[in-house]
Amino acid sequence: MATYPIDGACQCGEVTYQLLAEPQKVLACHCKACQKLSTSAFSLTAVVHAKDIVFHGEMREWLRTADSGNTSAAMFCPTCGNRIYHVNPDEPDSIKLKPANLADTSILEPQAHIWISEKQDWFKIPEGVKTFDRQP
């Protein structure tokens, strides 16, 4: 059982944050955009309430349109380039934290794997975990 707050920081330490409460959910996304983002087979996302996280340091923003038509604002450290979180500007109370840089990663077991229609063939999803071909 994790103890909150949990500290997080980008690679260079210029952006830090504290996660104050348990995420609403943790997802592993296998879409091609997340594979590029993570330079791996998938990207982890912890969906948290904006009130449950405190950020420190300067971040830059990069906007893109998601397949849903929503805007995805990616917030990242301008020094090392680490993605810190994503947010839909129309839903600012929901933060999609990129949580691999938390000091305690024990909370990061995904409850679901999404976009498995684009998953790397060699990656095996654990038995009993929910899966979705695309965005649920």
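You'll find the structure just up there.
Let us look at the structure shown here.

Rules used throughout
Residues numbered from 1 in each chain as written. Predicted model: local features only at pLDDT ≥ 70, side-chain atom pairs only at ≥ 80, totals over all residues. Heavy atoms only, no water. Helix = DSSP H or I, 4+ residues; strand = E, 2+ residues; numbered from the N terminus. Buried < 20%, exposed > 50% of the residue type's maximum accessible area, 1.4 Å probe, protein only. Contact = heavy atoms within 4.5 Å. Polar contact = N/O pair within 3.5 Å; in protein donor to acceptor, adjacent residues only side chain to side chain.

A look at the environment of M75
And step 1. Tracing the backbone shows M75 in strand β7 (residues 71-76).
And step 2. Under the relative-accessibility criterion, M75 is labelled buried at 12%.
And step 3. A C-alpha to C-alpha distance of 12 Å links M75 and P89, two positions 14 residues apart in sequence.
And step 4. What M75 contacts, discounting residues up to four positions off in sequence, is M59, R60, E61, N82, R83, I84 and Y85.

Digging into the side chain of H86
And step 1. Along the chain, the position of H86 falls in strand β8 (residues 83-87).
And step 2. Judged by relative accessible area, H86 falls into the buried class, the value being 10%.
And step 3. At a separation of 2.9 Å, a polar atom in the side chain of H86 contacts the side chain of R83.
And step 4. Leave out the neighbours within four places in its chain, and H86 touches L37, S72, A73, A74, I95 and K96.

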